[in-house]
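So the chains spell out like this:
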Amino acid sequence: MNWRKKADEVQSLEDLKQLKNSFYAKDSEFGRLKRQIAHASSLEEKRALGQQANKLREEAEDLFRTLAARVHNNSLLSKASQRWYDVGFPINRTGGLHPISIIKNRFRDWLTQNGYFELSSSEIVSDEYNFSRLNMGPEHPARNMHDSLYFDANRLLRTHNTCCSALALTMFKNKEFGQFSIGKVYRNDTEDQTHSHQFQQVDILLVSKDASLVHLIWTLKSLLSYVLEEEVQLRLRPSFFPFTTPSLEVDIFLRGKWIEILGSGMVHPEVLRLAGYTDTSYKGFAAGIGIERVAMVKYQVSDLRDFFLNDFRFLKQFSKEEV
Amino acid sequence: MLLSFRELLRQTQLNENINSIVNAFNSLGFEVESVSPFVVLEGLKFGRVTKTYKNPNADNLTVCEVAFFDKVRVIQTAAKNVKEKDYVVAFVEGAKKGDTVFGVKKFKGIVSEGMLASWQELGFNSKLLPPKFQEGVAILEKADLSLDPIKYFELDDYLIEISVLTNRTEANSYFVLVEELKAFFKLHPTTSTNFSTSRLPIVFEIAAQDLESLSKKDMLFVAKHNLVAKNSKEVLMGLLALNYGAWSQLYDPKHFQTTESFEVYNAQTTLFLDGKTVLRSGSKPEPEFLPTSSTQIIRLAIFPIQKDVFRKIRDEEGEVSNTGGILSKQTGFIFLDVVEFIKARFNTAVLRVITTQAEHFNSSVEVNTNLLEQYTNVKNILTTERGQDTLGQIKRLGFKVEGEKVFPPSYRSNINSSEEFVEEFVRFFGYSNLEPEPPKITNVLVKAQSKLKAKLSALGYQEFLSFTLVRPENNTFNPLNISEAETLITQAASGRQEVRKSVFNTLVESLNHNIKRKFTRFSVFDIGLIATEKQSLFLATSLYEFQELKQQVVSLFPNKQFEFITVTESNEFLIPSLSVWIKEEGKVIGWIGSIHPFYFEHDFLFCELLLKDFKDDVTAPTSSVVYKPYSKQSLKHRSVTFELQQKESVKEYVDSLQKHAGVFQVFLKDVYENHGRKKVTLDVLLEEGFEEAFDEKYN
C-alpha cells in the first residue's frame, strides 16, 4: 500500500514506526529512487533524482512529525478519558463565623476605615480603670460587689469596654485620636431571654478640640446604618452615665417601632482630667453598644440564649454572611 | 415609676392625648417603659332604679326599670343588692367591654336593654374591694345622670411606667414630673397643687399576702384612691418596695445618715395605717402616727405637704420643727415619695426638710456659651428663636438666669457644671434639632486586623461562643496545669463562680448539645479567656486527621516557631500516644490531641493554644522580612529510607534532615509496615550544589 495511504491508519507509535520502515524500505518509492540515483547515467539525472528524493523524504518526515504529535495527543486524550472522579459529590458548608463576630466585624470595618484604631485589653481589669477613672465614685451602685463580678477588692471582670477608653485616654493624653474596643463584658445577671452574665460591647471614643454632639450624632447614624445595612432613623433621649455629659440614650426606628440600641454622650471633663489631660480645650464623645442587642435587632433573634447554645441549625443561618 | 395619665393631666392642666405625653416623657429623658389602659370600656351610663320586680319566669332574675339621662330602660339582673332609688352604672345597648358589645336581649320572656355593672366589671380587683362591694352590682348613693361614668371615675385612665434616671431621683414624684411636662409644653409653673380626690365610694383594702398577686393596674388604684392597709407596715412597705403606686417608693434607711440633708416636697392622697388615718390630702398628720418606738433606724411618717407649704424640721434630739412632729431618728422605717426625699447637695449636721420657700441653695453654674455653641454647632444659639424658647422652658422649671450664671432649683442636685447645664439646655432645645456633621479624626495608630477567625472559617471551622465562667465542679479539665482557679468573691447569680482553666470546660456544653441532637461531624473553634488571664484558641474537630490539624495550626501562625513534643508521660487529661504539646521558646503554650474519655468520650481531636497577651497592644505591626537572593535552578530529589519501630515517630529523622544544609523541604513518601517494624521513605528536595554532601551522609 502506498505509504501515504498507510499514514491514515497510524494510531500508535508502533504504527508510526512501521510506516517509517515501509517508507525507507528498499522496495519503497524512496528506496527505488535511491537505487535510481545510484544507477543514474549522468550527473544531471543524478541531481534531478536526488532533488526528487530529498523532496519526498522531507514530505515524509513532515508527515511523520505530524503523525507523532497526533499519536501523542491521542495518547493524552486516552489517558485523560480513562480518569474519573465524582466531581458532583456535594460539599457540606461547615465553616462560619458566629453571628456575634459577624456583627463585630461590621463595626470594625466601619471604624477602622474611618480612622479609629482598635485597642484590646484584658477582660480582667482593675477597679480603678473600670470605675474610678470613669468618674464612678465609690458610692456608685455598679461598684457594689453584688452587681459586678469581683475576684478581690481591686480586680473584676470588666463591666463595660469603656475601661479600654479610659486606658486609651491615659496612653494618648493631650492628643486627638479615635479609638474603639470590642469584646466581652460581664455583669452579675442570670440568663434569660434578654439577659446574660456575659455579653459583648463595642465602645468608641473620639477626642478632639472641636468634638461635638453633632459629630456624635453623625457618627452613630453612619455607623449604625452600615452595621444594620439600612439607613436608620435615630431618636436621642437624655440619659445619665457618670462618664459622659450630656449623656444620650439612642433609639433607632426599625420595622415600625423605636428600639433602644445604645448609650452615648460627650466625655465628662472629669474623665479627661483623670486620664491626665491638662489642656481643657480637648473634648470627646463616646458610645457603648451591645453587640448581642444589635445582632438580635438585625437578625430578629428573640432569645439571647441562642447565641450561647451554639446549635448548628442556628449558626448555619448566618453562613452566607460575609466574614 | 408608675403614673396615672389622668392625674398628670389634672395636675398639669394639659389637654394632650396619651401619645403626646409619652413622647414628652421620652424627649425629657424619662423613658416610657409601658403604657397600659386601666380598662377598655365604652358607652356606660349612670342610671336611677325607679322600679324593681321579680321575673315571673325566673327565680333569680330581677327586672329593673332604670331611668337614664336619655330614656328609661328595662334591665334584668341576678344581683340581690338592687333596690328602688339606687343609683347604678349600666352597660346599655352599644356599650363595650373589651371586645364584648352589649345589646338588647330577651331573658325568660322579658327584654333586657343592657346590664347593670358590678365593681369588678368596672375594672376593680376583688382583692382590693371590701366584702360589701364584692357581691352584686355597683350601687351609688348619688350620681348625676348626665355624666359619663367612665370620665367621672376616670376609668379611661392609663398606667404609664417610666424609668427615672439615677441622677434624677427627685423626679420620682408628680411634683417634678408635672413641672417637667409643663415646661415641655411651655405652660407656666404650678402655683398651687390641684390634689385629686377620689370619687369612688369605696375605701380599698389590701393585705400583705395579696400584694404579689396584684397587677400594676390594680396598684394604679391603690395609688389614686383611698387605701386601708390591713397589715399596716408590711403592706405599705411591700407596696413601696414593689414601686407600685405612683407615690410610693421605699428607701432603705441605712442609706440615710443624719449628716446628710434632704428635701421633702409633694405629698398627696389619703393613707391609713393600722386602721387610723395617717394622712389626708391637705391636712397635718394625725397625732397617733407620731413616732413612738425607740429602734435605731429613722422613721418618717407619711404626711401631707404641699409644695408651697414646706416645713422645716430638725431632729437633732428627736425634736421636731414648728410645723408638726413627725420625724425622729429613733423610729422604725422611712416611707418616701408620698413625701419625697432627695439627697441634697450640702451635707449638714441635721436631717431636715427644706422648703423651696424657706431656703434656696445659693449655688450657680456658668453658662458657657462657647461650649453650648460647639456642642450644638449653632452660632449665637442663645439669641436664636429656638434658643430663647429653650431658655424660657428652663426658667419655667425654676432655673434662674442672671447674666452668665444659672441658679438651678434647689432640688436639681444633678446640675453642677457648665456641661450639665448644656445637657439641660439641649434636653429642651431638642436633639432632633441638631444637624449631624462628620467629625475630623486624627489617625494616631494604624493596626492590622486579625484574620485568624476568617482563616479558621475558611478551613471549615464554625465559630462557637462559650462562657468564660464555669461552675467549680465543671472546671476540672486542666491540661495546661493551671494551679489555681480564678475565683469570684462575688456570689455569681449564674452559679458560675470560676474562670475556666480550659475553653473546653464550657465549650463542652455546646459540643454535647449538638452531639445529643445527632450532629456529630463538625469542626468548631472558640477564642476566649481562660484562667491564665490569656485568650485561648480552642479547636475541636471530628472531620480532620491529626496530621491535618497539626498542619492547620502551623499554617494559621506562619510567624511562630512551634515545637511539637509528644505527650509521653502518663497524663490524666490527654491520651499520650495521640497528643502533643505545643511549645514556643521552650514553654508549653498549648496542645493538640485526644482528650481522655473520662472527660469526653466522642471521637474528636482538639487543640488549645494560648494567644498573645495585650501588653504590647498599642504598637503598629512590624515586619522582620528582608529579601535574600535565591537560586532559580531546579531542585534535586533524594529519597531517604529509615527503619523504625512500629510506634516510633519519624519526627527525629525529619528534624535532622531539615537541619541539613541545602534541604528545602521534606515530604513523607511512603510507609511500609511489616512484622512490627516499618520502613519510612522520605522525599527530600535539595538546593543545587548540596547533593554531594547530602549523599555522603544519607545515601
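Quick caveat: nothing in here was measured; it's all calculated off a predicted structure.

Cut-offs and rules
Residues numbered from 1 in each chain as written. Chains lettered and ligands numbered in written order. Predicted model: local features only at pLDDT ≥ 70, side-chain atom pairs only at ≥ 80, totals over all residues. Heavy atoms only, no water. Helix = DSSP H or I, 4+ residues; strand = E, 2+ residues; numbered from the N terminus. Buried < 20%, exposed > 50% of the residue type's maximum accessible area, 1.4 Å probe, protein only. Contact = heavy atoms within 4.5 Å. Areas by Shrake-Rupley, 256 points an atom, 1.4 Å probe, with all protein chains shown as cover. Rg over C-alpha atoms; globule rule 2.2 N^0.38 Å. Polar contact = N/O pair within 3.5 Å; in protein donor to acceptor, adjacent residues only side chain to side chain. Pairing = 2+ DSSP bridges. Buried area = accessible area lost by both parts, 1.4 Å probe. Salt bridge = Lys/Arg side-chain N within 4 Å of Asp/Glu carboxyl O. Disulfide = S-S within 2.5 Å. Arc of directions from axis to C-beta. Axes fitted to C-alpha atoms, helices over the stretch in contact; angles between N-to-C directions. pLDDT = per-residue confidence, 0-100.

## Some thoughts on the overall build of chain B
- In terms of regular secondary structure, chain B is built from 15 helices and 38 strands.
- Residues classed as buried in chain B amount to 51% of the 699 residues present.
- Summarising the internal contacts of chain B: among those between residues at least 6 apart in sequence, 68% fall at separations of at least 24.
- A total accessible area of about 33700 Å² is found for chain B, and carbon and sulfur atoms account for 48% of it.

## Considerations on the overall build of chain A
- The helix and strand inventory of chain A stands at 12 helices and nine strands.
- What you see for chain A is a C-alpha radius of gyration of 41 Å, clearly larger than the 20 Å of a compact globule of 323 residues, by over 25%.
- Counting only C-alpha atoms, chain A reaches 130 × 45 × 45 Å along its principal axes.
- Residues classed as buried in chain A amount to 53% of the 323 residues present.
- Taking as baseline every contact in chain A between residues at least 6 positions apart, the subset at least 24 positions apart corresponds to 63%.
- Entry remark: accessible area of chain A is about 15400 Å², with carbon and sulfur atoms responsible for 50%.

## Some points on the side chain of Thr245 of chain A
- You can see Thr245 of chain A is positioned in strand β7 (residues 244-254).
- Polar contacts involving the side chain of Thr245 of chain A include one to the side chain of Glu423 of chain B, which spans 3.0 Å.
- In this view, Thr245 of chain A contacts Met266, His268 and Pro269 of chain A together with Tyr375, Glu419, Glu420 and Glu423 of chain B; residues no more than four positions away in its chain are not counted.

## Here we look at the pairing of strand β4 (residues 62-67) of chain B
Residues and elements named next belong to chain B.
- Among the six residues that make up β4, five are buried, leaving the element largely enclosed by the rest of the structure.
- Of the strand pairs in this sheet, strand β3 (residues 41-54) and β4 are connected by six bridges, and their pairing is antiparallel. Its bridge partner lying in β4, Lys51 is registered against Glu65.
- Taken together, the six bridges between β4 and strand β5 (residues 72-77) define a ladder with antiparallel strand orientation. Bridged to Val63 within β5 is Gln76.

## Considerations on the interface of chain B and chain A
- On the side of chain A, 83 residues touch chain B, which itself brings 76 residues to the contact.
- Of the roughly 6800 Å² buried at the junction of chain B and chain A (both faces included), carbon and sulfur atoms supply 61%.
- Contact with chain A buries surface across chain B, with Tyr375, Tyr431 and Leu465 of chain B losing the most and accounting together for 12% of the total.
- For the pair chain B and chain A, the number of links is four salt bridges.
- Residue Arg237 of chain A pairs with Glu31 of chain B through a salt bridge whose shortest N-O separation is 3.7 Å.

## Some details on the sheet that holds strand β30 (residues 523-529) of chain B
All names here are of chain B.
- The strand order β27-β30-β31-β35-β34-β33-β32 describes an open sheet built from seven strands, whose pairing is mixed. Strand pairing shows two members of the sheet lacking a second neighbour, β27 (462-463) and β32 (563-566), which therefore form its edges.
- Sheet topology places β32 next to strand β33 (residues 580-584); four bridges connect them, and they run antiparallel. Bridge pairing in β33 links Glu563 to Lys583.

## Some words on the state of the cysteines
Residue and element names in this part refer to chain A.
- All chains considered together, the criterion is met by zero disulfides over all chains.
- Cysteine Cys163 remains unbridged, with the sulfur of Cys164 as its closest cysteine sulfur at 4.5 Å.
- Residue class for Cys163 comes out buried when judged on its relative accessible area of 3%.

## Notes on helix α15 (residues 691-698) of chain B
Residues and elements named next belong to chain B.
- Taken as a whole, α15 has its buried residues at Glu691, Phe694 and Tyr698. Buried residues of α15, seen end-on, are gathered within an arc of 70 degrees and therefore sit on one face of the element. Across from the buried face of α15, at angles greater than 90 degrees, the exposed residues are Glu692, Glu696 and Lys697.
- Summarising the contacts, the buried residues of α15 are in contact with β36 (636-645), α14 (651-659), β37 (663-674) and β38 (677-686).

## Re the pattern of salt bridges
- Summed over all chains, the structure comprises 35 salt bridges over all chains.
- One salt bridge connects Asp251 of chain A with Arg235 of chain A, and the closest N-O pair in it is separated by 2.8 Å. With Asp251 of chain A in strand β7 and Arg235 of chain A in strand β6 (residues 233-241), this pair connects stretches of sequence that are 16 residues apart.
- Three or more residues joined by partner-sharing salt bridges are found here, namely Arg235, Arg237, Asp251 and Glu260 of chain A together with Glu31 of chain B.

## Structural notes on the sheet that holds β37 of chain B
Residue and element names in this part refer to chain B.
- Strands sit in the order β36-β38-β37 across an open sheet of three strands; the sheet is antiparallel. Here the strands that pair on one side only, and so sit at the sheet edges, are β36 and β37. In this sheet, neighbouring strand axes are inclined to one another by 20 degrees on average, regardless of whether the strands run parallel or antiparallel.
- Sheet topology places β36 next to β38; 10 bridges connect them, and they run antiparallel. The residue bridging Glu643 from the neighbouring strand is Lys679, located in β38.
- Lying on the sheet, α14 is in contact with β36, β37 and β38; it crosses β37 at an angle near 155 degrees.
- Docked against the sheet, α15 engages β36, β37 and β38, running at close to 20 degrees with respect to β36.

## Re the side chain of Thr244 of chain A
All names here are of chain A.
- Within the secondary structure, Thr244 is located in strand β7.
- With relative accessibility at 3%, the residue Thr244 sits in the buried group.
- Here the side chain of Thr244 touches Ser247 through a polar contact of 2.7 Å, side chain to side chain.
- Excluding its chain neighbours within four sequence positions, the residues that come into contact with Thr244 are Ser264, Gly265, Met266, Val267 and His268.

## Details of the confidence of the model for chain B
Residue and element names in this part refer to chain B.
- Taken over all residues, the pLDDT of chain B has a mean of 77, while the share at 70 or more is 74%.
- Contacts for the low-pLDDT stretch residues 228-362, under 50 throughout, to residues beyond four places or in other chains number 365 contacts.
- For this predicted complex, the interface score ipTM comes out at 0.87, while the overall pTM is 0.79.

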